[in-house]
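Each chain, written out:
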Amino acid sequence: MLDAQKTIHLADYQPFTHLVERVDLTFRLAPGATRVLARLHLAPNPARPGRHPLRLDGEGLRLVACAVDGQAVAPALDDGGLAIAAEDLPEAPFLLETEVEIAPEANTALEGLYMSKGMYCTQCEAEGFRKITYYPDRPDVMSRFKVRIESDLPVLLSNGNPVGSGPGWAEWDDPWPKPAYLFALVAGDLRAHSAKFATASGRPVDLHIWVRPGDEDRCAYAMDSLIRSMRWDEEVYGREYDLDVFNIVAVDDFNMGAMENKGLNIFNSRYVLASPETATDDDYARIEAIIAHEYFHNWTGNRITCRDWFQLCLKEGLTVFRDHQFSGDMRSAAVRRIEEVVALRARQFREDAGPLAHPVRPESFVEINNFYTATVYEKGSEVIAMLKTLVGDQGYKRALDLYFDRHDGDAATIEDWLKVFEDATGRDLSQFKLWYSQAGTPRLQVAEDWQDGVYTLTFTQATPPTPGQPEKAPRVIPINVGLLNPNGDEVVPTIMLEMTQERQSFRFEGLAARPVPSILRGFSAPVVLERDAPPEERAFLLAHDTDPFNKWEAGRALAKDVMAAMVLQDAPPSPAWLDAVAAVAFDEGLDPAFRALCLRLPAEDDMAQTIHAMGRIPDPARIHAARRALAGALAIRLGEGLVQLCRDLDEGAEFSPSAEQAGRRALRLAALALLARRDGGKLAAEAFAGARSMTEEIGALAALLDAGQGAAELQAFADRWGGDANVMDKWFALQVGLAAPGEAADLTERLAARADFDWKNPNRFRSVVGALAANHAGFHHLSGRGYRVVADWLLRLDPLNPQTAARVSTAFETWPRYDAARRRLAQAELERILAAPGLSGDLREMAERMLAAGQPA
Ligand code: PHE
Ligand code: ZN
């Protein structure tokens, strides 16, 4: 591992010295010694005049042979690649042939070519291709790939279209030029779940989902999601699929969720396989969203890719935005929006408020793998949502059409992206661009004024400093606002107020009475609205707001106020809040999914973030106790109505993963969990025994564990599902996630000692170690045991799989918000990590950035 880490800067961008006109690859697969033969048809790049040496990336490769135009050459080799001097290269197009040997079996980092349960598989984004062969491993080098695979395994797949196969070999040709990060290869004993699709213009496409034998019958929902995604992208964006086949492969060992390789998406098996008995409703929703996400990348990412990794949000922000739109169209848009915002606050606001804060388009990095973040993805999507709000639906459509027209086949930048909006709508987006370059979540304050029939809202924006960015300029913030009458009628329907200054007022005239404002409807900008509204106003909006997001938000804000008062002032649970929630919970006119969301209390980490933003130090133990007390009070307030809810929603209907049924199950399980606090889990135990779906089974088990029951059921679950890794991941994660603060670390260690704790598998690692990190009061327990156990496991995983170790390490990103004792403990663990011999560059960068927050400025 390199010791001196190199920082890469956006400002240093230069095109590559050469063009790669074509690539022919041959793979002779063998677990311990795979040979990769590469023929690169290279030419000097006119964008880089003059003679240049050829420098190719390569890591962990054993070079067997190297020739230029058929003549053997001996390139200079170092840890990062090879170089051939300019004098040794023709000034005209030439052929470079290399042969290397690699050992997929020994690849535990799951980057490059690796093996998972006897199957060969690749992962090349961001910089994994250089672990397969010598190549200019950067996204702006796009080329046509032909691939030959030699192996005795029955299924041999790569990108593009199949062009030939025989016993022990197969050949693939991808007609679309692509960067190396979209390369993929799979070989294994796999079974297909297949279907056919015809594009709008009549191209027939064979669709296959490849899984291990026995899993074929769990692919139907993923296939259905794929077909709906393909149709949706035609109807909404006018984008058709462009190959004869589309393959998806499910693999159990995968660092991330899924990967959009051209024509050959590779998925973490947990985001493909589903049946009612094994997948929860949340799993179904996630499968639908991720299948869509990866499919949508075919246009936003593959046909138009990124010039360099600083532009990652160009493909990720846009593709997340598109998958959000799709899920909103497939399901309840209001419920989806609430869930998106809950996730945004839990992950992105948390990131933006801590030492790892960075702009949507970072300007420098050490390890690009560390920038696949909530900021790039989720905030990147919110920025596009704001653009769409600002330019309107028609403007957005014109801009996107222009984007595809102008940039198809390009490796593009954020400048290109914004330019199409400027050209299509005539707007100047220079101030808007700050959303891409300034980190941190803006705080928005509101003052109201009511005089002589004129109502004025005055907003003030301020963004706290973030690492490397002490000063912030005011941004463009689209604020969707509606006004309600005191009797609950809407008097001003949603309008967009466009804020561009630090402080700005907006006037409303012609109102008969002082209105109640509903501000930031639909969460029209990723900001923190700091408005100290009286509880009556929040309760009023919870009851009357016509904007479903703000209706929920009012209840959420009220819950946070109540919990904060319990934590900070020892206040009792507020009866006004209890009444308001009861009214929603029993309102049969409302969508059950929405009612379930209103019964969900703010997460403990979210409360810690909120209390910290109030300028106070959050105490994890008190937050935990307050949340439990509030749930207990709610259970009492809702009373026998909970039993009724459970009965009413207990349908005998045949299972469907539909959003409608999922919403009913969510409400029933929310009621069941509250009831378990009163009846000792009697009904939950019945529900567990009679469960007809994994949603019910795991939901009932969670209710039992939360009530301090469920030992027998835990055992029964393990007996039943011991052979299914994806289901057992839920079993591990649930227990650790719900463990009492003082027990979470010990439980983690006990579970980690089990034979089935296969810690080299990223899903299993996250379901145990990641679950401890997510158990707020357990991780931050004053004993320091939570910090220690997580750090121990990070250090153990790091030499094998630095990427996953670095991702899980973000557990520590909130450490500066806590008290001195906890800070000392967390800091000591981060220092212990940094001092470890042989630490990876990935984990080192993370630990250094997190520690820097503790140093005096
Ligand atoms: N590009 C993948 C996605 O969003 C994520 C990914 C990144 C997967 C890096 C693997 C490695 O959709
Ligand atoms: Zn993506």
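Relevant structure appears above.
Basis of the calculations
- Residues numbered from 1 in each chain as written.
- Chains lettered and ligands numbered in written order.
- Predicted model: local features only at pLDDT ≥ 70, side-chain atom pairs only at ≥ 80, totals over all residues.
- Heavy atoms only, no water.
- Helix = DSSP H or I, 4+ residues; strand = E, 2+ residues; numbered from the N terminus.
- Rg over C-alpha atoms; globule rule 2.2 N^0.38 Å.
- Buried < 20%, exposed > 50% of the residue type's maximum accessible area, 1.4 Å probe, protein only.
- Contact = heavy atoms within 4.5 Å.
- Areas by Shrake-Rupley, 256 points an atom, 1.4 Å probe, with all protein chains shown as cover.
- Lys, Arg positive; Asp, Glu negative; His and termini not counted.
- Charge placed at Lys NZ, Arg CZ, Asp CG, Glu CD.
- Donors = N, O, S within 2.8 Å, 3.2 Å for Na, K, Ca; no water.
- Axes fitted to C-alpha atoms, helices over the stretch in contact; angles between N-to-C directions.
- Parallel < 35°, antiparallel > 145°, perpendicular 65-115°, else oblique.
- Nonpolar A, V, L, I, M, F, W, Y, C, P; charged D, E, K, R; others polar.
- Phe/Tyr/Trp six-rings, centres within 6.5 Å; stacked < 30°, edge-to-face > 60°.
- Lys NZ or Arg CZ within 6 Å of the ring centre and 35° of its normal.
- Pairing = 2+ DSSP bridges.
- Near = heavy atom within 4 Å.
- Polar contact = N/O pair within 3.5 Å; in protein donor to acceptor, adjacent residues only side chain to side chain.
- 1 Å grid on protein atoms, 1.4 Å probe; cavity = no way out; pocket = protein on both sides within 12 Å on 5 of 7 lines; lining within 4 Å.
- Points joined across faces, edges and corners; volume = space filled by probe spheres on them.
- Salt bridge = Lys/Arg side-chain N within 4 Å of Asp/Glu carboxyl O.
- Expected span 1.5 Å × (residues − 1).

**Here we look at the overall build of the chain**
Piece 1. The number of helices and strands found in the chain is 26 helices and 31 strands.
Piece 2. For 857 residues, the compact-globule estimate of 2.2 N^0.38 gives 29 Å, and the C-alpha radius of gyration of the chain, at 27 Å, lies within 12% of that figure.
Piece 3. Along the three orthogonal principal directions, the C-alpha set of the chain runs to about 85 × 65 × 60 Å.
Piece 4. Among the 857 residues that make up the chain, the fraction classed as buried is 60%.
Piece 5. Pairs at least 24 residues apart make up 70% of the contacts formed inside the chain by residues separated by at least 6 positions.
Piece 6. Carbon and sulfur atoms make up 51% of the accessible area of the chain, which amounts to about 31,900 Å² in all.
Piece 7. For the chain, the separation between the mean place of its 92 positive charges and that of its 124 negative charges on side chains is 2 Å.

**Brief notes about the side chain of Thr748**
Piece 1. Locating Thr748 in the fold gives a position in helix H20 (residues 744-752).
Piece 2. In contact with Thr748, other than residues within four places in its own chain, are Val736, Val768, Leu772 and Val789.

**Quick look at the coordination of the zinc ion (ligand 2)**
Piece 1. The protein atoms donating to the zinc ion (ligand 2) are His293 (NE2), His297 (NE2) and Glu316 (OE), with metal-donor distances spanning 1.9 to 2.1 Å.
Piece 2. Donor residues for the zinc ion (ligand 2) sit on one chain with the sequence pattern H-x3-H-x18-E. The pair formed by His293 and His297 is uniform in burial state, with each residue classed as buried.

**Things to note about the packing of helix H1 (residues 220-237) against helix H3 (residues 312-330)**
Piece 1. Between H1 and H3, the least distance of the axes is 11 Å, while the angle of their chain directions is 105 degrees. In terms of orientation, H1 lies roughly perpendicular with respect to H3. Where H1 abuts H3, its residues Ser225, Arg228, Ser229, Trp232, Asp233 and Tyr237 lie against Phe321, Arg322, Gln325, Phe326, Asp329 and Met330.
Piece 2. Here the residues of the contact of H1 with H3 are counted per class, giving 5 nonpolar, 3 polar and 4 charged.

**Side note on the packing of aromatic side chains**
Piece 1. Counted by the stated rule, this structure contains 39 aromatic pairs.
Piece 2. Aromatic pair Tyr135 and Phe145: ring centres 5.9 Å apart, planes at 45 degrees, arrangement tilted. A residue pair is termed long-range when its members are at least 10 positions apart, and Tyr135 in the loop between strand E11 (119-123) and strand E12 (143-150) and Phe145 in strand E12 qualify at 10 residues. Here Tyr135 and Phe145 have matching classes, each one buried.
Piece 3. Stacked on the ring of Trp299, the Lys or Arg Arg239 has its end atom at 4.6 Å from the ring centre.

**Some words on the sheet that holds strand E17 (residues 191-198)**
Piece 1. Spatially, E17-E18-E19-E21-E20 is the arrangement adopted by the 5 strands of the open sheet, whose pairing is mixed. Each edge of the open sheet is held by one strand with a lone partner, namely E17 and strand E20 (258-259).
Piece 2. Strand direction decides the pairing type here: E20 and strand E21 (residues 264-268), joined by 2 bridges, are antiparallel. Pairing of Met259 across the sheet is with Ile266, part of E21.
Piece 3. Packing of H1 onto the sheet brings it into contact with E17, strand E18 (204-211) and strand E19 (245-251), and relative to E17 it is tilted by some 25 degrees.
Piece 4. Most of the contacts of helix H2 (residues 281-296) go to E21, to which it runs at about 150 degrees, and overall it touches E19, E20 and E21.

**Some thoughts on the site of ligand 1**
Piece 1. Around ligand 1, 13 residues are found, and the nearest of them are Glu125, Glu260, Glu294, Glu316 and Tyr377.
Piece 2. At 3.2 Å, a side-chain N or O of His293 approaches an oxygen atom of ligand 1.
Piece 3. Tyr377 places a side-chain nitrogen or oxygen 3.0 Å from an oxygen atom of ligand 1.
Piece 4. When isolated, ligand 1 has an accessible area of 320 Å², and the protein chains bury 97% of it.
Piece 5. Counting residues per element, the ones that place at least two in the shell around ligand 1 are E20, H2 and H3.
Piece 6. Here the shell around ligand 1 is composed, by residue class, of 5 nonpolar, 3 polar and 5 charged.

**A closer look at empty space enclosed by the protein**
Piece 1. This structure, assessed with the given rule, holds 3 cavities of 30 Å³ or more.
Piece 2. Taken as a whole, the largest cavity spans an internal volume of roughly 80 Å³.
Piece 3. Contributing to the lining of the largest cavity are Leu542, Trp552, Gly555, Arg556, Ala559, Trp577, Val581, Val584, Leu597, Cys598, Arg600 and Pro602.
Piece 4. Mapped onto the lining of the largest cavity, the elements with two or more residues apiece are helix H9 (548-569), helix H10 (575-585) and helix H11 (592-599).

**Details of the pairing of strand E16 (residues 185-188)**
Each regular strand carries side chains that alternate between the two faces of the sheet.
Piece 1. Burial of the side chains of E16 extends over both faces: Leu185 and Ala187 are buried on one face and Val186 and Gly188 on the other.
Piece 2. In this sheet, E16 lies alongside E11 in antiparallel orientation, the contact comprising 2 bridges. Each residue of the ladder has a partner; that of Cys121, found in E16, is Val186.
Piece 3. As paired elements, strand E13 (residues 155-158) and E16 share 4 bridges and run antiparallel to each other. Bridge pairing in E16 links Val155 to Gly188.

**Details of unusual backbone geometry**
Piece 1. Cis geometry marks the peptide bond from Glu125 to Ala126; its omega dihedral reads 0 degrees.
Piece 2. At Asp69, a position not held by glycine, the phi torsion is positive, near 45 degrees.
Piece 3. The backbone of Asp570 sits at a positive phi, close to 60 degrees, despite the residue not being glycine.

**Examining the pattern of salt bridges**
Piece 1. The full count for this structure, using the stated rule, is 83 salt bridges.
Piece 2. Asp706 serves as the salt-bridge partner of Arg677, at 2.9 Å between the closest nitrogen and oxygen. In this pair, Arg677 is assigned in helix H15 (residues 659-679) and Asp706 in helix H17 (residues 694-706), connecting sequence segments 29 residues apart.
Piece 3. Judged by its relative accessible area of 28%, Arg677 is partly exposed.

**A look at the side chain of Asn763**
Piece 1. Position of Asn763 relative to the elements: it lies in helix H21 (residues 762-774).
Piece 2. Within the structure, Asn763 has its side chain in polar contact with the side chain of Arg766 (distance 3.0 Å).
Piece 3. Once you skip the residues sitting within four places of it in the chain, Asn763 turns out to touch Asp252, Phe254, Asn268, Arg270, Asn726 and Asp729.

**A closer look at the pairing of strand E25 (residues 443-451)**
Piece 1. Bridge analysis of E25 against strand E26 (residues 454-462) gives 9 bridges, and the strand direction is antiparallel. Its bridge partner being in E26, Ala447 is matched across the sheet by Thr458.
Piece 2. Hairpin connection, E25 to E26: the antiparallel pair is bridged by 2 residues, and Asp452 has positive phi, about 50 degrees.
Piece 3. With 3 bridges joining them, E25 and strand E31 (residues 528-530) adopt parallel strand pairing.

**Examining the environment of Glu21**
Piece 1. Positionally, Glu21 belongs in strand E2 (residues 18-28).
Piece 2. Setting aside residues up to four positions removed in sequence, Glu21 forms contacts with His41, Ala43, Ser143 and Arg144.

**A few points about H1**
Piece 1. The end-to-end C-alpha separation of H1 is 25 Å, in line with the 26 Å expected for 18 residues at 1.5 Å each.
Piece 2. Buried residues along H1 sit in contact with E17, E18, E19, H2, H3 and helix H5 (374-407).
Piece 3. Directly after H1, the chain includes Gly238, whose backbone phi takes a positive value near 65 degrees.

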